[in-house]
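# Fold and geometry: a report
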Amino acid sequence: MKNTNISKNSEKLLSVSDISISFLQYTQGLRQNILKVISDLTLDIREGEIVAILGSSGSGKSLLAHGILGILPNNALLEGEMKYRGKVLDQKLKEKLRGDEIALIPQSVEFLDPLMKVSEQVIGETKDENEFKIKKAKQREVFEKYGLGKEVDDLYPFQLSGGMARRVLISTALISNPKLIIADEPTPGLDDKSIKETLNHIKQMADDGAGVILITHDINAALEVADKVAIFYSGYVIEIADVADFSGEGENLRHPYTRALYNALPQNGFALSDGHQPLHEDLTEGCVYYDRCDHPTDSCMSINPDLGEIEGNKVRCHRGHRKYSR
Ligand SMILES: Nc1ncnc2c1ncn2[C@@H]1O[C@H](COP(=O)(O)OP(=O)(O)OP(=O)(O)O)[C@@H](O)[C@H]1O
Ligand code: SF4
Ligand SMILES: [Mg+2]
């Protein structure tokens, strides 16, 4: 279901260039160890566009979100460059835009304060009476949009169903009319109806002109709403494909891992591939997919490919320029 809102004239909201995130860890004694979690990540997002980031648990998806928002833990090191509407997105600008132009729909409903009524936490702190009235009206408008009646305003988080709590989190993000929304795993734990609803809300946000980064490990959810899908593997983005390329026998997909994911979908016959993603500390200098690849080339063992551009898509594979055929 492709979003039709993106045109060449849509403004580029966020560009992320060669981002890496590592942690400084102290091991025995006072020895320092650098653990790299995300490597050389490059990604753009435009107004009205939904970019899904697809990766397994622990692959660095939430860290990427927190890196964009400027809320990484203190022991994290962020390298590379991010720009928001053409301006360098440094920590100062992140703090200015966070919760305003750039909003997070957090991964866990635990982000809600258990001791505060939901309407109060969506409105946030405000001392000025006029400002409060404006925000209260906006909160009601957003709650109505997401099917949360007046009676919900005075409830505490423990009184909400899973689906309602998700909608409150979405409302918290939308109260400031953000231009860029990062939705971190908004569907796990929800029943089918609530998943559908949540994905519809996400589509609605893009239809209203926002850029949305949808972080998920649910490929079906990604294919349902996204325009582009970026696939994480062992901390690297190994392909950024147009959603339309996930069709047929996957012949337009350029990376063997993306095709393996696609072929593992129930509708494509559950063709599961062997092996697992290596941890960052176990990576060698070659391609991260080398151990699982059916057709490696001579250079694959020793040279990790860069993310190259082919016909508008991006792929990190020495053979990515070749179209796949069975
Ligand atoms: N403060 C920290 N110090 C060291 N390592 C960390 C820290 N926070 C996260 N990590 C590591 O970074 C990796 C990526 O974490 P992240 O939370 O981004 O994964 P994720 O892709 O969002 O996973 P999930 O799908 O389970 O939410 C994990 O392996 C995690 O152990
Ligand atoms: S770079 Fe080589 S090993 Fe890696 S996926 Fe491509 S062909 Fe396979
Ligand atoms: Mg996460």
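Residues numbered from 1 in each chain as written. Chains lettered and ligands numbered in written order. Predicted model: local features only at pLDDT ≥ 70, side-chain atom pairs only at ≥ 80, totals over all residues. Heavy atoms only, no water.

Here we take up the packing of helix H4 (residues 129-145) against helix H5 (residues 162-174). Running from amino to carboxyl end, H4 crosses H5 at an angle of 135°, the nearest separation of the two axes being 10 Å. Between H4 and H5, the angle falls in the class oblique. For the pair H4 and H5, the crossing hand works out as right-handed. Note on element contacts: H5 touches H4 through Val168, Ser171 and Leu174, opposite Lys138, Val142 and Phe143. In the contact of H4 with H5, the residues fall into 4 nonpolar, 1 polar and 1 charged. (Axes fitted to C-alpha atoms, helices over the stretch in contact; angles between N-to-C directions. Helix = DSSP H or I, 4+ residues; strand = E, 2+ residues; numbered from the N terminus. Parallel < 35°, antiparallel > 145°, perpendicular 65-115°, else oblique. Left-handed = near helix turned anticlockwise from the far one by under 90°. Contact = heavy atoms within 4.5 Å. Nonpolar A, V, L, I, M, F, W, Y, C, P; charged D, E, K, R; others polar.)

Bringing the coordination of the magnesium ion (ligand 3) into the picture now. Coordination angles at a metal have ideal targets, namely 109.5 degrees for four tetrahedral donors and 90 or 180 degrees for six octahedral donors. Within the first shell, the magnesium ion (ligand 3) binds the protein through Ser62 (OG) and Gln107 (OE1), at distances of 2.0 to 2.3 Å. Placement of Ser62 in helix H1 (residues 61-69) and of Gln107 in the loop between strand S6 (102-105) and helix H3 (118-123) is noted, with a sequence separation of 45 residues between them. (Donors = N, O, S within 2.8 Å, 3.2 Å for Na, K, Ca; no water.)

Scanning the entire structure with this criterion turns up 13 salt bridges. The partner of Glu101 in a salt bridge is Arg85, and the shortest N-O contact between them spans 3.6 Å. Of this pair, Glu101 sits in the loop between helix H2 (91-97) and S6 while Arg85 sits in the loop between strand S4 (76-84) and strand S5 (87-88), and the two are 16 residues apart along the sequence. The exposure class of Arg85 is partly exposed, given its relative accessible area of 29%. As a salt-bridge pair, Arg167 and Glu197 come within 3.5 Å of each other at their nearest N and O atoms. You can see Arg167 sitting in helix H5 and its partner Glu197 sitting in helix H6 (residues 192-207), a full 30 residues away along the chain. Among the charged side chains, a salt-bridge network with shared partners connects Lys136, Arg140, Glu144 and Asp153. (Salt bridge = Lys/Arg side-chain N within 4 Å of Asp/Glu carboxyl O. Buried < 20%, exposed > 50% of the residue type's maximum accessible area, 1.4 Å probe, protein only.)

Quick look at the nonpolar core now. The biggest cluster of nonpolar side chains holds 54 residues, and the ones touching the most others in it are Ile50, Ile105, Val168, Met205, Val229 and Phe246. At 6 residues, H5 tops the list of elements feeding residues into this core. If you look at the next biggest cluster of nonpolar residues, it comprises 35 residues, including Ile19, Ala76, Leu89 and Leu93. (Core = buried A, V, L, I, M, F, W, Y, C linked by side-chain atoms within 4.5 Å.)

Moving on, we come to the packing of aromatic side chains. Applying the stated criterion to the full structure yields 4 aromatic pairs. Measuring from ring centre to ring centre gives 4.5 Å for Tyr233 and Tyr257, while their planes differ by 65°; the resulting arrangement is edge-to-face. Of this pair, Tyr233 sits in strand S9 (residues 228-233) while Tyr257 sits in helix H8 (residues 256-263), placing them 24 residues apart in sequence. Here Tyr233 falls in the buried class, since its relative accessible area comes to 1%. Take Tyr257: its relative accessible area is 9%, and that puts it in the buried class. Taken together, a centroid distance of 6.1 Å and an interplanar angle of 65° make the contact between Phe246 and Tyr262 edge-to-face. Separated by 16 residues along the polypeptide, Phe246 in the loop between strand S10 (236-242) and H8 and Tyr262 in helix H8 bring together distant segments of the chain. Exposure class is identical for Phe246 and Tyr262. Each is buried. Three or more aromatic residues link up through ring pairs in this structure, and these residues are Tyr233, Tyr257 and Tyr289. (Phe/Tyr/Trp six-rings, centres within 6.5 Å; stacked < 30°, edge-to-face > 60°.)

A few words now on the site of ligand 2. Within the structure, ligand 2 sits among His255, Pro256, Cys287, Tyr289, Tyr290, Cys293, His295, Cys300, Pro305, Cys317, His318 and Arg319. Here the shell around ligand 2 is composed, by residue class, of 8 nonpolar, 3 polar and 1 charged. (Near = heavy atom within 4 Å.)

Neighbouring ligand 1 are 16 residues, the closest being Ser57, Gly58, Lys61, Ser62 and Gln107. Gly58 is positioned such that a nitrogen or oxygen atom in its backbone is 2.8 Å from an oxygen atom of ligand 1. In this structure, Gly60 approaches ligand 1 through a main-chain N or O atom, which is 3.0 Å from an oxygen atom. Calculation on ligand 1 without its partners gives an accessible area of 640 Å², and the protein chains cover 67% of this total. Contributions of two or more residues to the shell around ligand 1 are made by strand S1 (12-26) and H1. When residues in the shell around ligand 1 are grouped by element, the largest group, 3 residues, is from H1. (Polar contact = N/O pair within 3.5 Å; in protein donor to acceptor, adjacent residues only side chain to side chain. Areas by Shrake-Rupley, 256 points an atom, 1.4 Å probe, with all protein chains shown as cover.)

Reading across from one edge, S6-S7-S8-S3-S9-S10-S12-S11 is the order of the 8 strands in this open sheet, with mixed pairing throughout. Edge strands, defined here as strands with exactly one partner in the open sheet, are S6 and strand S11 (308-310). Neighbour-to-neighbour, the strand axes of this sheet turn through a mean angle of 20°, independent of strand direction. As paired strands, S11 and strand S12 (residues 313-315) are joined by 3 bridges and run antiparallel to one another. Within the sheet, the bridge partner assigned to Ile310 lies in S12 and is Asn313. Packing of H5 onto the sheet brings it into contact with S6 and strand S7 (180-184), and relative to S6 it is tilted by some 170°. This element, H6, spans strand S3 (50-54), S6, S7 and strand S8 (211-216) of the sheet and lies at about 155° to S8. (Pairing = 2+ DSSP bridges.)

As summarised here, the arrangement of the 4 strands in space is S2-S1-S4-S5, forming an open sheet in which the pairing is antiparallel. At either end of the open sheet lies a strand with only one pairing partner, and these are strand S2 (32-46) and S5. For S4 and S5, the ladder comprises 2 bridges, and the chain directions are antiparallel. Bridge pairing links Lys83 to Val88 in S5.

Nothing here speaks to function; it is geometry throughout.
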